[in-house]
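Observations on the three-dimensional arrangement
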Amino acid sequence: MEIKKIIVKGIVQGVGFRPFIYRLAKENDLKGYVKNMGNYVEIVVAGDKSNINNFLKDMKHKKPALSQINEIIISGNLDKDFNFNFNYDDFRIKNSDSGELDRSNKDIGTIPPDVAICEDCLREMLDKNNRRYKYPFIACINCGPRFTIVKRLPYDRDNTSMDKFPLCEDCLREYRDPMDRRFHAQATCCPKCGPRVYLVDREGNTLCNSNRAINEAIKILSEGNILAIKGIGGSHLACHCDNDDTIIKLRKRLNRPTQPFAIMTKEENLRLFADPQWDELILLKSPKRPIVVVGKNENYKDYISEYVSNLNTVGVMLPYSGMHHLLLEGNNTIAYIMTSANLPGYPMAIKNRDILSKLKNIADYFLIHDREIVNRCDDSVLKKINNNMVFIRRSRGYVPEPIIVNNHPYIKNNDKNILCVGPEINSTVCLIKGNKFYLSQYIGNTSKYETFNFLKEGIENLIKITNSNRIDAIVCDLHPSYNSTNLAKDLAERFEADLYPIQHHKAHGFSLLGDNDIFQNSIIITLDGVGYGEDGNIWGGEILRYSNNKMDRIGHLEEQYMPGGDLSTKYPLRMLLSILYKKLSREELIEFISGYNFFEEKTLNLIIFQLDKKINVSKTTSCGRVLDSISSMLNICNIKTYDGEPAIRLESISENFKKYHDYREYNKCLEMAQENVKIKNNIINTTDLVYSAYNMLLEGYSREFIALYVHLSIAEGLSSLALKFGKKEDFEYIGLTGGVSYNKIISERIRENIEKEGFKFLYPNKVPNGDGGISFGQGIGYILNNE
């Protein structure tokens, strides 16, 4: 008889791994135990050598779908090598032990993300003869909440918010049965012993509970009301997506006049209003169930209100919880609006008292429950660009799975715990242990006090669930005034750790390299709206060179003035005025800008005075601000109400031109763009670009044509300059990242140009292109620059 001790590290908690090991051991006639050690699983088996070998082979190849094995460590014959006293006559699951957590820097385990309801549970929930019929909290080892309910490791029921719901006899019998799919399923429960749902009015009165609450909620929604729904990782605001009056009411109450809403629908209804491509559909149906941005079809307006999305796309998700399925089963609409229940810039309410108080003037009724949400987690959002499904927001369904980086020796051999606090807007946190990068859920705008507190909570939670006992370095943005930068200073003092700032766009570049796990010499284009530059100005249209682990700025868009600083971001007509100020006479400028009837005469004269005297004007190379100026020129968007709005709406207009005109018109536009690209001293001229668009407008070109022309001009200029450097340096790779790289027209044209010249094109894949990927890039940059 042989005795082996096996350590398994990876995602091995909350995924049915121990029950799987139990069944596997029994099948192979092995004795011993399996035990959860908090951040890894310990297995001891005794039996014939051939049976142990079969056990190990099946463990690797038949593991649960939600599990992930990063490493298996097998020790020799324990009774000989370790003086191990083996006295088991069967195989069993031992109680978890968190008292001896492996707190070494490398190779820790983690809990899996939340998982959409599985087909087995859905079938049971809709079965009238099942004891969990219409019970919205149904779950098993293959589905349900994980990350959002866990308080600490190991992932056992006592360490989750299910600890307040002791199992009834029937559930306990399933929980203890190794052959049942609810064997050690920590979120399992039933109507007898589990959480309950309640329907509450604005005054906090409970109207009804359980099934009746859900049925009444469906009726309330059909009557044109707005419903706040407490879900798995946060709360949503829901209403019928075909009711104009209700949607307008929701927009007014939320102070969200134009930002598109996400909608939730059944799979069978999706093609009534959208044209999902096959890979988009696969992602929509996956256990992760993110929001996927898909194209509208020609019948869209027959089913969905025009007030849901004013773009050529709409964000869609399929139901991922029992509650969602029950709400959709009994409704009389194609889809619900299902948007995060928070005011813009603030985190979602997750506690019942906060949902009732903070949403009192927004929702008409509240569908809440009594299970605590421990870790807030927004819906993830993805969009297909450059033949990749890319993250706009990486959160529910993906967090806290680590991103593993293998192909750089400094990272592979990293022995530090590194905490990266991200930028200010669309923020995330990243904790690095060894070569594993643990990205937090979406945090948001940390300039807001409540969101800043959420940032601090996210940091503490990452430290806790990764069992980190020390922090060696804190990395932050170069901007001296960000809340996250000031927090980084406090954290560095608390942990007696190194403090290391990294410039915003260089962090974007490092993020791209780490995302692709490619660290060859590269030229990287980084495009966004704002990032504090090393010269103290605002960057946002940069060409970077990565070589010998360093990132250098070698080219950029022309500097433009932002009169009034951030006011030029909110009111993009200021940017247009500032750029045309260089080309038009004072009289021409005043006459043209006055035609928009936007500025009072006094304000207009003050802006020109600022430009004359260079008073309160910031310098920027931002690509986003150039696009914003064209958006305002074409009267598409003159007030920004959400991040990136002017440029996003400009892109939508451009996409419409591509969709409704033939290739000859597109080629005409492309030729004009190529002819008018101007580059001098490695700086791309954007003043003449905007001026040419101004002349085209006066000459009667359509808005759609001008919008497309500007997009293509920017893409041609950037790819031309990047190719020049790529050829000069004899590099193999040219990449693109940053918030503006979500723009399909610019991104796909740059990729086409790069690949046509024989270069390999790098583009984000596992990490958000935008600022949600900055914290990841800060970690990569720190390790490469501090070995």
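Please refer to the structure placed before this passage.
Bear in mind the structure is a predicted one, so any value in this text is a computation, not a measurement.

About the criteria used
- For every chain, the first residue of the written sequence is number 1, and numbering continues from 1 along that sequence.
- Note on the predicted model: pLDDT of at least 70 is required for a residue's local features to be given, and 80 or more for side-chain atom pairs to be given and counted; whole-chain, interface and lining totals, by contrast, use all residues.
- With hydrogens and water excluded, all non-hydrogen atoms of the structure serve as input to the side-chain values.
- To qualify as a helix, a DSSP run of H or I must reach at least 4 residues; to qualify as a strand, a run of E must reach at least 2; elements of each kind are numbered from the N terminus.
- Each helix should span, by expectation, one fewer than its residue count multiplied by 1.5 Å.
- Two strands are said to pair when DSSP picks up at least two bridges between them.
- Angles shown run from 0 to 180 degrees and are taken between the N-to-C directions of axes, each axis being a line fitted to C-alpha atoms and, for helices, limited to the stretch in contact.
- Residues are treated as being in contact if the distance between any of their heavy atoms lies within 4.5 Å.
- Cavities and pockets are defined on a 1 Å grid built over the protein atoms alone: a cavity is a set of grid points where a 1.4 Å probe fits but cannot escape, while a pocket is an open set with protein on both sides within 12 Å along at least five of seven lines, and lining residues are those with an atom within 4 Å of any such point.
- Grid points are joined across faces, edges and corners, and a volume is the space filled by probe spheres set on the points.
- Burial here depends on accessible area, computed with a 1.4 Å probe over protein chains only, as a share of the maximum for the residue type. Under 20% is buried, over 50% is exposed, and the range in between is partly exposed.
- Whether two aromatic rings pair depends on their centres lying within 6.5 Å, for rings of Phe, Tyr and Trp, where Trp uses its six-membered ring; planes under 30 degrees apart make the pair stacked, over 60 edge-to-face, and the rest tilted.
- Under the scheme applied here, ten amino acids are nonpolar (Ala, Val, Leu, Ile, Met, Phe, Trp, Tyr, Cys and Pro), four are charged (Asp, Glu, Lys and Arg), and all others, including Gly, are polar.

Attention now goes to helix α24 (residues 703-729). Over its 27 residues, α24 runs 39 Å from end to end, which matches the ideal 39 Å to within 8%, given 1.5 Å per residue. A positive phi of about 60° marks Asp-730, the residue just after α24.

Taken in spatial order, the 11 strands make up an open sheet running β7-β6-β14-β8-β9-β13-β10-β12-β11-β15-β16, and their pairing is mixed. Each end of this open sheet is capped by a strand with a single partner; those strands are β7 (206-209) and β16 (388-393). Pairwise comparison of adjacent strand axes, ignoring direction, gives a mean angle of 35° for this sheet. As paired elements, strand β10 (residues 263-265) and strand β12 (residues 313-317) share 2 bridges and run parallel to each other. The residue of β12 that forms the bridge with Ile-263 is Val-316. This element, helix α7 (residues 244-254), spans β9 (235-240) and β13 (335-340) of the sheet and lies at about 150° to β9.

What follows deals with the layout of surface pockets. The calculated volume of the second largest pocket comes to roughly 630 Å³. Along the wall of the second largest pocket there are 27 residues; nearest its centre are Pro-347, Met-348, Ile-350, Arg-376 and Glu-457. Among the elements that line the lining of the second largest pocket, the one with the most residues is helix α13 (residues 449-465), at 9 residues.

So, about the environment of Phe-261. Here Phe-261 lies in the loop between α7 and β10. On the basis of relative accessibility, which here comes to 1%, the residue Phe-261 falls in the buried class. For the pair Phe-261 and Ser-309, spaced 48 residues apart in sequence, the C-alpha separation works out to 6.3 Å. Not counting chain neighbours up to four residues away, the residues in contact with Phe-261 comprise Ile-247, Leu-250, Arg-251, Leu-254, Arg-256, Tyr-307, Val-308, Val-314, Gly-315, Ile-337 and Thr-339.

Another point: the packing of aromatic side chains. For the coordinates displayed, the defined rule picks out 17 aromatic pairs. Ring geometry for Phe-598 against Phe-599: centres 5.1 Å apart, planes inclined by 85°, an arrangement best described as edge-to-face. Residue classification places Phe-598 among the partly exposed positions, given a relative accessible area of 28%. With 5.8 Å between their ring centres and 20° between their planes, Tyr-691 and Tyr-694 make a pair best called stacked.

Time to look at empty space enclosed by the protein. Scanning the entire structure with this criterion turns up 5 cavities of 30 Å³ or more. Approximately 160 Å³ is the volume attributed to the largest cavity. Along the wall of the largest cavity there are 18 residues; nearest its centre are Pro-136, Ile-232, Ser-321, Gly-322 and Arg-371. Contributing elements (two or more residues each) for the lining of the largest cavity: β8 (227-230) and α10 (322-329). No other element matches α10, which puts 3 residues into the lining of the largest cavity. Considering only residue class, the lining of the largest cavity consists of 10 nonpolar, 6 polar and 2 charged. Within this model, the second largest cavity holds a volume of roughly 120 Å³. Gly-14, Val-15, Gly-16, Ile-141 and His-184 are the residues nearest the centre of the second largest cavity, which is lined by 19 residues in total. Here the element with the most residues in the lining of the second largest cavity is helix α1 (residues 17-27); it accounts for 3 residues. Across the lining of the second largest cavity, the residue classes tally to 11 nonpolar, 6 polar and 2 charged.

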